[in-house]
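This is what each chain is made of:
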Amino acid sequence: MQTVPEHRPSRNSEVSEEPSAPDTVVTREKLAVVPKNRAAVREKVFADQIFRGLVILCALAVLAIVGLIFFELVNQSHLSISKFGFKFLIKQIWDPVAEDFGALPFIYGTVVSSLLGLIIAVPLSIGTALFLTEICPRRLRAVLSLLVELLAAIPSVIYGLWGIFVLAPFLRVYVQPFLARYFGWTGLFSGPKYGWGMLAAGVIISIMILPIIASITREVITAVPRVQREAALALGATKWEMLRMAVLRNARPGIFGATILGLGRALGETMAVTMVIGNRPEIARSLFAPGYTLASAVANEFTEAVGNTYLSALMEMALVLFVITLIVNALAGLLVWSVTRGMPARALA
Amino acid sequence: MALGLITLAALIVTVPLFLILATVVVRGLGALNWAFLTQIPKPIGEEGGGMGNAIAGSILLLGYASLIGVPLGIGAGVFLAEYGRNKFGNVVRFTADALNGVPSVVIGMTAWALVVVPQKHFSMLAGSVALGIMMIPVISRTTEEVLLLVPQSIREAALGLGIPKWRTILSVVLRTASAGIVTSIMLAFARIAGESAPLMFTAFGNEFWSMNPNQPVASLPLQIYKYAIQPYEQAHAQAWTAALVLISMIVVTVTFFRFIVGRRAIKGVS
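Residues numbered from 1 in each chain as written. Chains lettered and ligands numbered in written order. Predicted model: local features only at pLDDT ≥ 70, side-chain atom pairs only at ≥ 80, totals over all residues.

1. Quick notes on the overall build of chain B
The helix and strand tally for chain B stands at 11 helices and 0 strands. Secondary structure elements of chain B occur, N-terminal to C-terminal, as α-α-α-α-α-α-α-α-α-α-α. Considering only C-alpha atoms, chain B reaches an extent of 70 × 60 × 35 Å along its principal axes. A total of 270 residues make up chain B; the buried ones form 55% of that total. Within chain B, counting contacts between residues at least 6 apart in sequence, those at least 24 apart form 73% of the total. (Helix = DSSP H or I, 4+ residues; strand = E, 2+ residues; numbered from the N terminus. Buried ≥ 20, exposed ≤ 12 C-beta atoms within 10 Å, placed from the backbone. Contact = placed C-beta atoms within 7 Å.)

Here you go:
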């Protein structure tokens, strides 16, 4: 990855992009690298411009798509926006029959399940990244990073399937009784033990965002200059002290960025969460209780939504989700960039 | 002590992977047979039946999605690498990353509003639009990275021979980087092949064979979801088998292409 900046194109555009100026054309003819007349040169320049126009169109398409997503979401949700206004975000009612909607329980569920996922995933990811870069024997490294990559390749719906039939029963039988017994006093682990619910959603999310946080943390850690490590070791630091003081401290903004990027993924996670969270729009203190997220509500209710207000309310929830993820991802991008300094954000396998 | 904890973390991370893969294989093999791969679903409660239509539907969706995602993605990637070292390039780069982070379900809703609403019915086309949009940022950003790995001297050599820039990019730069570009397409496939959220209200699903891009079509991930939430043992067994088929398809395609491409290697770049 470090070799990339050296190969950056250093404006080779001078060679071919501006020969439209007449004197350039003359020079080229004088040089007679390729014998050609004025018309041929013009044709060549023209072809270049067409090509350039085409790839610029592709680039514009990317901008247009994001614009279109935003426009369509706003357009389709204006009914709900004008009917409920800002209150939509702070109301707890979800009543399709009376056509009265508020998104608070969904926002709450999205935030809580994502944070829960982060709390579990971040320490594990940092540990994995440190292990891969600093401790792991070279031979094992490729295998382990392939395994982490594979974790990212498993489809969301399969995580959900596994969540329903393996994780939820496991939580119900082993984990939840334990938590209720020793940590029940916090109020976070009380109530009926279904297995599925907010806790299950958090665990599933943590597994799903692990690979992305780990791989970016790994890149960030690799980007910390070698000199820093050597300096720490030369001062008599143990390996752990070196990691803590030289590596982790320097990589901190980047690791934070990786975490935020993981948060972005967690917020938008749909299928797996829909399958294990219980899908009940309630705000409960206990993590054993079922919840609902913005993404899963949209996925679950969109096809069966009747009535324009209902559809529009779901669209507005998608809009909220879109805006939140946009902000979160932009923040993450800035943080990661601050450490890697424009090195490509993702490692190419 | 601390180093031990770090190692432990790495170990813990691999546990769910093995657990999930093992469960999928063990529970999935049970209902895997020829009929499963070739037949359409039987009505609920009847024995047998398969997901042949969903497998075909998934492949078709992927194919149509690539028609949208691959050219646009590679084009945007070429722009970023060859013409994008400026402010506009940075804007595109940033937007592509943003698009990459947009939840798939939101993209599905956009495709619904763009295609399903005017057409007034669900269709494979709508599903392909959603999946195609998701491919673009993955392909363009990876293509950019790969193109930047192509040594500058190769470009200069071609330009020095009097070859126009567009020809240089198409026949020299893209060719040299072809292996990496195929990898980028594979990455995009791996990303969208398992998507079900954006298909729920675009491709919708279909109990029968359908090859018509204008009609709803079944897909493997969506079928897994539908079967998983049914209260029947038999449906669950089929869901696991479908999961096994889906994972195998993803892993086989990705490794197959990597193998082929890996042997051809990135020409001229060591």
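After that view, the rundown keeps rolling.
2. Concerning the packing of helix α6 (residues 138-153) of chain A against helix α1 (residues 2-29) of chain B
The N-to-C vectors of α6 of chain A and α1 of chain B enclose an angle of 45°; their axes lie 10 Å apart at closest approach. Taken together, the axes of α6 of chain A and α1 of chain B are oblique relative to one another. The element α6 of chain A and its partner α1 of chain B pack so that their crossing is left-handed. Residues Leu144, Leu147, Val148, Leu150 and Leu151 of chain A of α6 of chain A lie in contact with α1 of chain B, whose contacting residues are Ala10, Val13, Thr14 and Leu17 of chain B. Tallied by class, the residues present in the contact of α6 of chain A with α1 of chain B amount to 8 nonpolar, 1 polar and no charged. (Axes fitted to C-alpha atoms, helices over the stretch in contact; angles between N-to-C directions. Parallel < 35°, antiparallel > 145°, perpendicular 65-115°, else oblique. Left-handed = near helix turned anticlockwise from the far one by under 90°. Nonpolar A, V, L, I, M, F, W, Y, C, P; charged D, E, K, R; others polar.)

3. Description of α1 of chain B
Here α1 of chain B is 28 residues long and its end C-alpha atoms lie 41 Å apart, about the 40 Å a rise of 1.5 Å per residue gives. All buried positions along α1 of chain B are accounted for by Ile6, Ala10, Val13, Pro16, Ile20, Val24, Arg27 and Gly28 of chain B. (Expected span 1.5 Å × (residues − 1).)

4. Here we look at the interface of chain A and chain B
Counting residues at the interface gives 81 residues for chain A and 76 residues for chain B. At 20 residues, the largest contribution of residues to the side of chain A that touches chain B is made by helix α4 (residues 38-84) of chain A. Here the side of chain A that touches chain B is built from residues that sort into 58 nonpolar, 16 polar and 7 charged.

5. Observations regarding the domain arrangement of chain A
Taken domain by domain, chain A comprises domain 1 (13-84) and domain 2 (90-340). Relative placement of domain 1 of chain A and domain 2 of chain A: their C-alpha centres are 40 Å apart. (Domains from an automatic or database assignment.)

6. What to know about the nonpolar core
Looking at soluble globular proteins, one finds that nonpolar side chains tend to be buried together. Of all hydrophobic cores here, the largest spans 191 residues; its most connected members are Ile204 of chain A together with Ile224 of chain B. Residues from two domains meet in this core; each of domain 1 (13-84) and domain 2 (90-340) of chain A gives at least three. Discounting residues that sit within four places of it in the chain, Ile224 of chain B has contacts with Val157, Ile158 and Leu161 of chain A together with Ala239, Ala242, Ala243 and Leu246 of chain B. (Core = buried A, V, L, I, M, F, W, Y, C linked by C-beta atoms within 7 Å.)

7. Regarding helix α9 (residues 178-193) of chain B
Under the 1.5 Å per step criterion, the end-to-end length of α9 of chain B is 22 Å for 16 residues, consistent within 8% with the ideal 22 Å. Most of α9 of chain B is tucked away: 14 of the 16 residues are buried.

8. A look at the environment of Ala266 of chain A
Mapped onto the elements of the fold, Ala266 of chain A is located in helix α10 (residues 239-268). Along the primary structure Ala266 of chain A and Phe256 of chain A are separated by 10 residues, whereas in three dimensions their C-alpha atoms are 15 Å apart.

9. So, unusual backbone geometry
Residue and element names in this part refer to chain B. Phi at Lys120 is positive, roughly 65°, even though this residue is not glycine. Considering the arrangement of structural elements, one finds Lys120 in the loop between α5 (104-119) and α6 (124-149). For Lys120, a count of 7 C-beta atoms within 10 Å corresponds to the exposed category. Even without glycine at this site, Phe204 takes up a positive phi of about 70°.

10. Some thoughts on the packing of helix α3 (residues 52-83) of chain B against helix α4 (residues 87-101) of chain B
Residues and elements named next belong to chain B. As a packed pair, α3 and α4 sit with axes 9 Å apart at the nearest point and diverge in direction by 140°. With respect to each other, α3 and α4 are oriented oblique. The chirality of how α3 crosses α4 is left-handed. Of the residues in α4, those in contact with Ala76, Phe79 and Leu80 of α3 are Gly89, Val92, Arg93 and Ala96. Looking at the contact of α3 with α4, its residues break down into 5 nonpolar, 1 polar and 1 charged.

11. A look at the confidence of the model for chain B
Residue and element names in this part refer to chain B. On average, residues of chain B score 89 in pLDDT, and 95% of them are at 70 or above. In the model of chain B, helix α11 (residues 233-264) stands out as the element of lowest mean pLDDT, 82, in contrast to α3, which has the highest, 95. Contacts for the low-pLDDT stretch residues 264-270, under 50 throughout, to residues beyond four places or in other chains number 13 contacts. (pLDDT = per-residue confidence, 0-100.)

12. Some details on the environment of Pro137 of chain B
Residue and element names in this part refer to chain B. As for its position among the elements, Pro137 is in helix α6. A sequence separation of 81 residues divides Pro137 from Ala56, and the C-alpha atoms of the two residues are 26 Å apart. Apart from the residues lying within four places of it in its own chain, the contact partners of Pro137 are Ala96, Asp97, Leu99 and Asn100.

13. Things to note about the environment of Ala243 of chain B
Tracing the backbone through its elements, the reader meets Ala243 of chain B in helix α11. Look at Ala243 of chain B and you get buried, because 30 C-beta atoms sit within 10 Å. Residues Ala243 of chain B and Ile136 of chain B, spaced 107 residues apart in sequence, show a C-alpha to C-alpha distance of 26 Å. Contact partners of Ala243 of chain B, with chain neighbours within four places excluded, come to Ile158 and Leu161 of chain A together with Val24, Gly28 and Ile224 of chain B.

14. Topic: the confidence of the model for chain A
Residues at a pLDDT of 70 or more form 87% of chain A, whose mean pLDDT is 85. In the predicted structure, residues 1-21 of chain A sits below a pLDDT of 50 and forms 33 contacts with residues beyond four places in sequence or in another chain.

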